[in-house]
Amino acid sequence: MKDLSHWMNGAQVAGTSGRFGDVFNPATGEVQARVPLASRAELDAAVVAAAAAQPKWAATNPQRRARVMMEFVRLVNRDMDKLAEVLSAEHGKTFADSKGDIQRGVEVVEFCIGAPHLLKGEFTDSAGPGIDLYSLRQPLGVVAGITPFNFPAMIPMWKLAPAIVCGNAMILKPSERDPSVPLMLAQLMQEAGLPDGILQVVNGDKEVVDAILDNPVIQAVGFVGSTPIAHYIYSRGCAAGKRVQCFGGAKNHMIIMPDADLDQAADALVGAGYGAAGERCMAISVAVPVGDKTADALMERLVPKVEKLRVGPWTAGADIDYGPVVTAAAKANILRLVETGVAQGAKLRVDGRNFSLQGYEKGFFVGPHLFDHVTPEMDIYRTEIFGPVLSTVRAQSYEEALKLAMDHEYGNGIAIFTRDGDTARDFVNRVNVGMVGVNFPIPVPLAYHTFGGWKKSSFGDLNQHGPDAFRFYTRTKTVTARWPSGIKEGAAFNFKQMD
Ligand code: NAD
């Protein structure tokens, strides 16, 4: 059995708490490693070292900090296959999907290479006689990132790259389900030239998260994960006076208008609903065809496609469409929710409940499920299932479909499929969801835009990556400087009016 470590001060460090978590191979169900779960004392020590290293890093000019990112991009690309193999082995997603996970992280690191430009600040020359006014963007100090299991490369990179390039030191607390890739990324950061102590990877569970929230040196926390934990971390972190942004769960709808290209819509639904076994915060989990005729025609196309989905281990390469879910508990929860759907009267058009794969009977595989005639009161509609389960809710009009999505508590992503520009524009303007696709099923914005949901999918007022990340990881200092030209004005007792 392999024991994983933490990454502190530029080296692998064994855990000292005596507590460990199991890291599974989801395809076989076997425990393949143990990850140390850090104690409060281990976290506090990592923070002390990070705080000691940070001022020198902050004083390193932004161009040099950006060059570390440039080299990091090269190294991640060099090791792409190695990283993707480890990722697939711990998470279960296909090899191609693991590369996509890494690639979407790298794109944010590439954006961060523009830090010298993005950190330039603002300047007003001669705001008054001999007076210049300027705003600086300065790092916060030590910040923390807490990340989920489902994108173990992408989301750690979304957190660490902007934080570090802005001159902060980062404590990264990855998911305890698949911690190996974040540890490998930290090692590559060191190889890229990052000084020791600026990136500390502290593995653990709730105990270390609470220690992060209680540590007074940590100035900001960026979290991605499920909504109940997002809310908990946001509330407790804000109460402790930290800057906090938390991204939570989702229930993404796709509205299919009667004029949509239904073949295109069906393909989009299958990819966005079942890719990565549905374990994506931007997965489509609800299809909303408008009108029974549209719904029947869509079902006719969807059912055979869903039935033909190929489920298997990542080692099968391009022969599979999706792999196992992450743990036995996740599998049990998905199947429990499917049972509630059946019990509450939804029609199970594709039934994956008895799925089993020869040679992998103990793996956490879940067959594809497709529900029709789901209604808004059902648990399968209200809950984020995070598995290969697509629910179809039939709407009788565009307004009914729009209202359905708008009344849902989550607001991460949404898509509309239509050939009508007027409907699409109306939809984009009115819908209360953060990321919208028009004939585009998974509207994940590229690195130079920002990523974030609305409603219970996000807590805090800035998005991830793009320009918002530079705002989140810096604070503004505004300077009013006067260099008098020899005229002595005497004391002033009122706020200065700029002439
Ligand atoms: P999770 O909430 O279980 O875990 C996320 C992180 O929180 C992990 O690092 C975990 O160790 C920690 N954590 C778990 N329980 C905790 C507790 N009681 N107290 C303190 N910390 C705790 O989420 P997950 O299962 O790893 O990831 C899946 C979830 O993440 C889904 O809900 C998905 O929609 C969401 N997600 C959201 C986005 C987004 O950008 N909105 C992106 C990816 C995933």
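## Description of the overall build of the protein chain
- Of the regular secondary structure elements, the protein chain holds 16 helices and 23 strands.
- A compact globule built from 499 residues would reach a C-alpha radius of gyration of about 23 Å, and the protein chain, at 25 Å, matches this within 12%.
- Here the C-alpha coordinates of the protein chain stretch approximately 85 × 60 × 40 Å along the principal axes.
- Across the 499 residues in the protein chain, those meeting the buried criterion constitute 55%.
- Here the analysis covers contacts within the protein chain between residues at least 6 apart in sequence; of these, 72% occur between residues at least 24 apart.
- Looking at the protein chain as shown, the accessible area adds up to about 20,700 Å², and 53% of this sits on carbon and sulfur atoms.
- Each charge class in the protein chain can be summarised by its mean position, and for the 50 positive and 54 negative side chains these summaries are 5 Å apart.

## Here's the deal with the sheet that holds strand 1 (residues 2-3)
- Read across the sheet, three strands follow the order 1-5-4 without closing on themselves; strand pairing throughout is mixed. Every interior strand has two partners, whereas the edge strands, strand 1 and strand 4 (20-25), have only one.
- Packed onto the sheet, helix 3 (residues 80-91) meets strand 4 and strand 5 (30-36) and runs at close to 100° relative to strand 4.

## Remarks on the site of the ligand
- Every one of the 26 residues lining the ligand counts as a neighbour, but Thr147, Lys173, Glu176, Ser226 and Glu384 are closest to it.
- Backbone polar atom of Phe149 to an oxygen atom of the ligand: 3.0 Å apart, as the coordinates give it.
- A distance of 2.6 Å is found between an oxygen atom of the ligand and a side-chain nitrogen or oxygen belonging to Glu384.
- If the ligand stood free it would expose 850 Å²; the protein chains cover 86% of that surface.
- Tallied by class, residues from the shell around the ligand come to 13 nonpolar, nine polar and four charged.

## Comments concerning the domain arrangement of the protein chain
- Taken domain by domain, the protein chain comprises domain 1 (2-248 + 457-481) and domain 2 (252-438).
- Using only C-alpha atoms to locate each centre, domain 1 and domain 2 end up separated by 31 Å.
- On the side of domain 2, 23 residues touch domain 1, which itself brings 20 residues to the contact.
- For the pair domain 1 and domain 2, the summed buried surface comes to about 1,800 Å²; carbon and sulfur atoms form 66% of the total.
- Counting the contacts that link domain 1 with domain 2 gives one salt bridge.

## Some thoughts on the sheet that holds strand 23 (residues 474-482)
- In spatial order, the strands read 6-7-23; together these three strands make up an open sheet with antiparallel pairing. Every interior strand has two partners, whereas the edge strands, strand 6 (122-128) and strand 23, have only one. If you compare each strand with its neighbour and ignore which way they point, the axes differ by 20° on average.
- Pairing analysis gives four bridges linking strand 6 to strand 7 (residues 131-139), with the strands arranged antiparallel. Considered in strand 7, the bridge of Thr124 is made with Leu133.

## Some remarks on helix 8 (residues 206-214)
- Within helix 8, the full set of buried residues consists of Val208, Val209, Asp210, Ala211, Ile212 and Leu213.
- Taken together, the buried residues of helix 8 touch helix 1 (40-59), strand 8 (142-146), strand 9 (169-173), strand 11 (218-224) and helix 9 (227-239).

## Brief notes about the packing of aromatic side chains
- Applying the stated rule across the entire model yields nine aromatic pairs.
- Seen in terms of ring centroids, Phe123 and Tyr134 are 5.8 Å apart; in terms of plane orientation they differ by 15°. Their pairing is stacked. Residue Phe123 is located in strand 6, and its partner Tyr134 is located in strand 7; the two are separated by 11 residues in the primary sequence.
- Geometry around Phe20 places Arg34 over its ring, the cationic atom sitting 3.7 Å from the centre.

## Focus on the pattern of salt bridges
- Scanning the model with the defined rule gives 30 salt bridges in all.
- Across the salt bridge formed by Arg394 and Asp296, the nearest N and O atoms sit 2.9 Å from each other. Of this pair, Arg394 sits in the loop between strand 17 (389-392) and helix 14 (398-407) while Asp296 sits in helix 11 (residues 292-307), and the two are 98 residues apart along the sequence.
- Under the relative-accessibility criterion, Arg394 is labelled buried at 14%.
- With a shortest N-O distance of 2.9 Å, Arg430 and Asp426 are connected by a salt bridge.

## Overview of the nonpolar core
- Counting residues in hydrophobic clusters, the biggest one holds 151 residues, and the most contacted among them are Ile102, Ile171 and Leu199.
- Considering every element that reaches this core, the biggest residue donor is helix 6 (residues 154-165), with nine residues.
- Residue contributions to this core reach at least three from each of two domains, namely domain 1 (2-248 + 457-481) and domain 2 (252-438).

## Topic: the packing of helix 2 (residues 62-78) against helix 7 (residues 180-191)
- In the contact formed by helix 2 and helix 7, the axes pass within 8 Å of each other and the chain directions differ by 130°. In terms of axis orientation, helix 2 runs oblique to helix 7. The two elements helix 2 and helix 7 meet at a crossing, and its hand is right-handed. When helix 2 is examined against helix 7, the residues Val68, Met69, Phe72, Leu75, Val76 and Arg78 are found in contact with a partner set consisting of Leu185, Leu188, Met189 and Glu191.
- Classifying every residue of the contact of helix 2 with helix 7 by side-chain character gives eight nonpolar, no polar and two charged.

## Considering helix 4 (residues 95-112)
- Along its 18 residues, helix 4 runs 26 Å from first to last C-alpha, staying within 8% of the 26 Å computed at 1.5 Å per residue.
- Of all the residues in helix 4, the buried ones are Asp97, Ser98, Asp101, Ile102, Gly105, Val106, Glu107, Val108, Val109, Phe111 and Cys112.
- In this structure, the buried residues of helix 4 make contact with helix 2, helix 3, helix 5 (115-118), helix 6 and helix 16 (466-472).

## Some remarks on unusual backbone geometry
- With phi around 55°, Ala277 is a residue other than glycine that occupies positive phi space.
- In this fold, Ala277 is placed in the loop between helix 10 (262-274) and strand 14 (284-289).

## Let's talk about the pairing of strand 20 (residues 435-438)
- Alternating residues of strand 20 divide into Met435 and Gly437, all buried, and Val436 and Val438, none buried.
- Summarising the sheet, strand 19 (residues 413-417) and strand 20 pair through four bridges and their orientation is parallel. Paired with Ile416 across the bridge in strand 20 is Val438.
- Handedness of the crossover joining strand 19 and strand 20 through helix 15 (residues 421-430): right-handed.

What counts as what
Residues numbered from 1 in each chain as written. Predicted model: local features only at pLDDT ≥ 70, side-chain atom pairs only at ≥ 80, totals over all residues. Heavy atoms only, no water. Helix = DSSP H or I, 4+ residues; strand = E, 2+ residues; numbered from the N terminus. Rg over C-alpha atoms; globule rule 2.2 N^0.38 Å. Buried < 20%, exposed > 50% of the residue type's maximum accessible area, 1.4 Å probe, protein only. Contact = heavy atoms within 4.5 Å. Areas by Shrake-Rupley, 256 points an atom, 1.4 Å probe, with all protein chains shown as cover. Lys, Arg positive; Asp, Glu negative; His and termini not counted. Charge placed at Lys NZ, Arg CZ, Asp CG, Glu CD. Pairing = 2+ DSSP bridges. Axes fitted to C-alpha atoms, helices over the stretch in contact; angles between N-to-C directions. Near = heavy atom within 4 Å. Polar contact = N/O pair within 3.5 Å; in protein donor to acceptor, adjacent residues only side chain to side chain. Nonpolar A, V, L, I, M, F, W, Y, C, P; charged D, E, K, R; others polar. Domains from an automatic or database assignment. Buried area = accessible area lost by both parts, 1.4 Å probe. Salt bridge = Lys/Arg side-chain N within 4 Å of Asp/Glu carboxyl O. Phe/Tyr/Trp six-rings, centres within 6.5 Å; stacked < 30°, edge-to-face > 60°. Lys NZ or Arg CZ within 6 Å of the ring centre and 35° of its normal. Core = buried A, V, L, I, M, F, W, Y, C linked by side-chain atoms within 4.5 Å. Parallel < 35°, antiparallel > 145°, perpendicular 65-115°, else oblique. Left-handed = near helix turned anticlockwise from the far one by under 90°. Expected span 1.5 Å × (residues − 1). Right-handed = clockwise from strand over helix to strand, strands pointing away.

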